Amino acid sequence: TFPSAMASDPALLRFVPLSAAIDAGFLSQLGKRKLREYGLSDAPVEIHASYGRCPRMSASSPMCVGPEAFDASADGVPPSMCVAPGTLLNANTLEDFKEWDKSARLEAE
């Protein structure tokens, strides 16, 4: 049951835009995998991010992409967090990146 004050105050529940944070460990892990596994391949790679409830109502909790993003099992994510699957699209050169039709790629996902 909700207290009557909460039910009558629509300001208590609001949409907060999703923010994201990339951990430096993710970039380090990506660099290692590019050298050892992926090479010049630009094939999509399945990864995952994690996010959880922020303890303060005034702040949002960013979706974090950390070094465990490449682990297929997502065992490194604490049980208090939610897992969000995704796809890493990796360009090998700035020119490749500029040539991508970014709108079409977002629509495809």
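These numbers come from a predicted model, not from an experiment. (Residues numbered from 1 in each chain as written. Predicted model: local features only at pLDDT ≥ 70, side-chain atom pairs only at ≥ 80, totals over all residues. Heavy atoms only, no water.)

1. As for the nonpolar core
Here comes step 1: Among the nonpolar cores identified, the biggest contains 12 residues, and these are F26, L30, Y38, V45, I47, A49, M63, V65, A69, F70, A84 and L88.
Here comes step 2: Of all the secondary-structure elements, those providing two or more residues to this core are α2 (24-38), β2 (45-51), β3 (63-65) and β4 (82-88).
Here comes step 3: The residues touching M63, leaving out its near neighbours within four places in the chain, are L18, S19, A20, A21, A49, S50, Y51 and A84. (Core = buried A, V, L, I, M, F, W, Y, C linked by side-chain atoms within 4.5 Å. Buried < 20%, exposed > 50% of the residue type's maximum accessible area, 1.4 Å probe, protein only. Helix = DSSP H or I, 4+ residues; strand = E, 2+ residues; numbered from the N terminus. Contact = heavy atoms within 4.5 Å.)

2. Some details on the pattern of salt bridges
Here comes step 1: In the structure shown here, the tally under the stated rule is 1 salt bridge.
Here comes step 2: E37 is paired through a salt bridge with R33; the nearest N and O atoms lie 3.7 Å apart. Of the two residues, E37 and R33 both sit in helix α2, 4 residues apart, roughly one turn of that helix. (Salt bridge = Lys/Arg side-chain N within 4 Å of Asp/Glu carboxyl O.)

3. Some thoughts on the pairing of β2
Here comes step 1: The element β2 is extensively covered by neighbouring structure, given that 5 of its 7 residues are classed as buried.
Here comes step 2: In this structure, β2 lies alongside β4, joined through 7 bridges in antiparallel fashion. Looking at the pairing, H48 lines up with P85 of β4. (Pairing = 2+ DSSP bridges.)

4. Comments concerning the confidence of the model for the chain
Here comes step 1: This prediction gives the chain a mean pLDDT of 81; 78% of its residues lie at or above 70.
Here comes step 2: Mean pLDDT per element in the chain: helix α1 (residues 4-8) is the minimum at 51, and α2 is the maximum at 94. (pLDDT = per-residue confidence, 0-100.)

5. Quick notes on a negative patch on the surface
Here comes step 1: The grouping of D42, E95, D96 and E99 at the surface amounts to a negative patch.
Here comes step 2: Among the structural elements, D42 can be located in the loop between α2 and β2. (Patch = residues over 30% accessible without salt bridge, like charges linked within 9 Å, V, L, I, M, F, W, Y side chains within 5 Å. Areas by Shrake-Rupley, 256 points an atom, 1.4 Å probe, with all protein chains shown as cover. Lys, Arg positive; Asp, Glu negative; His and termini not counted. Charge placed at Lys NZ, Arg CZ, Asp CG, Glu CD.)

6. Structural notes on α2
Here comes step 1: Residues F26, L30, R33, K34 and Y38 constitute the buried set of α2.
Here comes step 2: Where α2 is buried, its residues touch β1 (20-22), β2, β3 and β4.
Here comes step 3: The opening residue of α2 is D23, an N-cap whose side-chain oxygen sits 2.6 Å from the backbone nitrogen of G25.
Here comes step 4: Backbone geometry just downstream of α2 places G39 in the positive-phi region, at approximately 60 degrees. (Polar contact = N/O pair within 3.5 Å; in protein donor to acceptor, adjacent residues only side chain to side chain.)

7. Things to note about the environment of P17
Here comes step 1: Assignment of secondary structure puts P17 in the loop between α1 and β1.
Here comes step 2: Remark: the alpha-carbon pair of P17 and P62, spanning 45 residues in sequence, is separated by 9.6 Å.

8. Focus: the side chain of K34
Here comes step 1: Here K34 lies in helix α2.
Here comes step 2: Although K34 is buried, it forms no salt bridge, and the closest oppositely charged side chain is D42 at an N-O distance of 8.2 Å.
Here comes step 3: In this structure K34 touches G39, L40, S41, N90 and N92, once residues within four positions along its chain are discounted.

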